[in-house]
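One-letter residues, chain by chain:
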Amino acid sequence: MEQNKKGYYTDHPIVRNISVLLLIGLTPPAAIVFWYTSQYLNGSFVELFRFFGKQGFFSGMYQIWAPVFWGSKTAWSIIGIYAAVELVLMKILPGKTVYGPKTPNGYTPIYKNNGFLAFLVSLALLWLFGFQLKVFDPAIIYDHFGEILGALNVFSLLFCLLLYFKGIYKPSTPDSGSSGNPLFDYYWGTDLYPHIFGFNVKHFTNCRFGMMAWPLLIISFAVKQHELYGISDSMIVSVALQLIYCAIFFYYESGYFKTMDIQEDRAGYYIVWGVMVWIPAVYTLTAHYLVQHPVHIGPVYSTVLVAVALLGFYSKTNMNRQRIHVRNNDGDYQIWGHKAKIIRAQFVDQKGEKRESLLLVDGWWGISRHFHYVGEILGALCWSLPALFINFMPYFYVVYLTILLFHRAKRDDVKCRLKYGTYWDEYCKSVPYKIIPGIY
Ligand code: NDP
């Protein structure tokens, strides 16, 4: 798919409509089916196929989805309290003001950089009310997870509809509008930076709702395993690595404001439903599966997994830091013992103004154009491997992530070629591989 200057995709309308319909039609049932398989079918896709074979697909789907479709009182209460707490934390916690990249229409997003503090406070609140004061059992999320996913799905689908109309009739910024195709607009979004009651919607949904749910969910899953069987070392390793990953994400949350999710993806089904339902349902699958499979992996295997994952996290984080420092210092920055090699790339923004940006041709950015994806995949593999090789379910996320990132590398190249033209070609000549040097 190619992007045009307005950011819309310009593939054939029939192909586009079919792809969009398939994605919107298939991802919600998939999220629910994954939960059901992990919870009731031993995390086994073979058992799932047998189940559908016996029940028939539609009647099987009904059996799985109907009991949790609308959520439950408990599920809605958990979601409501969680969302309210995160909104309050987003507003009241202190943090420096940071600015996102100026949009093609000249809008500069403003954020309060308090993500890491919100992460720590969220964990502290769970510890205080769940473990110390025992106001609720932290395993309650696991016990009601199917209903929670059902409620999240209904809420997100409606919320995306609201965002669709808001972007058309009451947009928050100039970077908004319709592509002329309502189906595509619902999927892709109509507003790049919508605000509701003064809250930046994507900052909330992506970071403080979706990403923040991840650590809380996996802690709940670990508590459930502890209640059922005692905690296993496989669960400790997997959850610890995911918590470190989430901590790094929130520590560098301001860097996330410069990624494609925020700069390119409008607030529609693709990103908003994705972060509000797909992240809770799919990113946590390994820990969810481990609850009922408390395998023992021993200290040697554990140490190797932790060491490799930390190496992956380091490479990806350091690569992001290299870019930030080089750009903040206008290229005057040392990488690996020498002055960083850069390309001063000129481009014309949508207002027709000439601007300049720096492309690093050095450090991690000189190995491949998206080498940080290797670290990302390695980390996810290392928190999946504690589940050993009994079922495929705990590996679903890492396989999905690999496909997503290989596609994303392509998307990003299209975006950069469109933006930088021959300067991008010059970079690609020096760094010919997208992700894995010598292979891809
Ligand atoms: P990147 O951090 O890779 O940023 C891509 C942008 O960087 C480009 O669009 C371009 O933007 C700029 N750029 C490209 N080449 C260069 C260069 N040589 N020198 C300097 N700048 C360059 O974006 P992503 O959003 O893909 O990834 C962000 C992080 O999020 C990664 O660590 C990734 O692993 C992670 N991620 C995780 C996912 C998950 O589901 N777990 C999904 C997606 C990403 P510009 O216009 O500024 O030049």
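Draft legend 1. Local environment of the overall build of the protein. A tally of helices and strands in the protein yields 19 helices and eight strands. Expected size for 440 residues packed as a compact globule is a radius of gyration near 22 Å; at 22 Å, the protein falls within 12% of this value. Its C-alpha atoms give the protein principal-axis dimensions of about 60 × 55 × 45 Å. At a minimum sequence separation of 6, the contacts of the protein that also span at least 24 residues come to 75%.

Draft legend 2. Structural view of the environment of Phe136. By the secondary structure assignment, Phe136 is in the loop between helix 5 (115-132) and helix 6 (140-143). Separated by 20 residues in sequence, Phe136 and Ser156 place their C-alpha atoms 26 Å apart. When sequence neighbours within four positions are dropped, the list of residues in contact with Phe136 reads Phe129 and Gly130.

Draft legend 3. Layout of the pairing of strand 8 (residues 354-360). Here strand 7 (residues 342-348) runs beside strand 8; their pairing, made up of seven bridges, is antiparallel. From the neighbouring strand, Ala345 faces strand 8, where its bridge partner is Ser357. Between strand 7 and strand 8, which pair antiparallel one after the other, the connecting turn spans five residues, and Gly352 there sits at a positive phi close to 85°.

Draft legend 4. Structural detail: the site of the ligand. As a structural note, the neighbourhood of the ligand is formed by 23 residues, with Thr259, Leu359, Leu360, Trp365 and Glu376 the closest of them. The set of elements that each furnish at least two residues to the shell around the ligand consists of helix 12 (260-263), helix 15 (298-328), strand 8, helix 17 (372-384) and helix 18 (396-420). The element contributing the most residues to the shell around the ligand is helix 18, with seven residues. Summarising the domain contributions, the shell around the ligand has at least three residues from each of domain 1 (13-294) and domain 2 (297-440).

Draft legend 5. Structural view of helix 15. For helix 15, spanning 31 residues, the distance from its first C-alpha to its last is 45 Å, which sits close to the expected 45 Å at 1.5 Å a residue. Listed in full, the buried residues belonging to helix 15 are Leu305, Ala309, Gly312, Phe313, Lys316, Met319, Gln322 and Val326. Summarising the contacts, the buried residues of helix 15 are in contact with helix 10 (233-251), strand 5 (334-335), strand 7, strand 8, helix 16 (364-367) and helix 17.

Draft legend 6. Here's a closer look at the domain arrangement of the protein. When cut into domains, the protein gives domain 1 (13-294) and domain 2 (297-440). On a C-alpha basis, the centroid separation for the pair domain 1 and domain 2 is 24 Å. Taken together, the 30 residues of domain 1 in the interface contact 28 residues of domain 2. Secondary-structure elements contributing two or more residues to the side of domain 1 that touches domain 2 are helix 1 (13-40), helix 10, helix 13 (269-283) and helix 14 (285-291). Ranked by the residues each element gives to the side of domain 1 that touches domain 2, the list is headed by helix 10, at nine residues. Its residues placed into classes, the side of domain 1 that touches domain 2 shows 15 nonpolar, 13 polar and two charged.

Cut-offs and rules
Here, residues in each chain are numbered from 1, in the same order as that chain's written sequence. Selection of residues for local features in this predicted model requires a pLDDT of at least 70, selection of side-chain atom pairs for listing and counting requires 80 or more, and totals for whole chains, interfaces and linings are taken over all residues. Think of it this way: any DSSP run of H or I at least four residues long counts as a helix, any run of E at least two long counts as a strand, and we number them from the N terminus. Radius of gyration means the value over C-alpha atoms here, while the globule rule gives 2.2 Å times the residue count to the 0.38 power. Here the contact rule is simple: place C-beta atoms from the backbone, and any two residues whose C-beta atoms are within 7 Å are in contact. A pair of strands is considered paired only if DSSP assigns at least 2 bridges between the two. Nearness here is judged by the C-beta atom: place it from the backbone, and if it falls within 6 Å of a molecule or strand, the residue counts as near that partner. Each domain's extent was defined by an automatic or database domain assignment. Expected span of a helix, by definition, is 1.5 Å for each gap between consecutive residues, and there is one gap fewer than residues. Here a residue counts as buried when 20 or more other C-beta atoms sit within 10 Å of its C-beta, as exposed when there are 12 or fewer, and as partly exposed otherwise, the C-beta atoms being derived from the backbone. Put simply, Ala, Val, Leu, Ile, Met, Phe, Trp, Tyr, Cys and Pro go in the nonpolar bin, Asp, Glu, Lys and Arg in the charged bin, and everything else, Gly too, in the polar bin.

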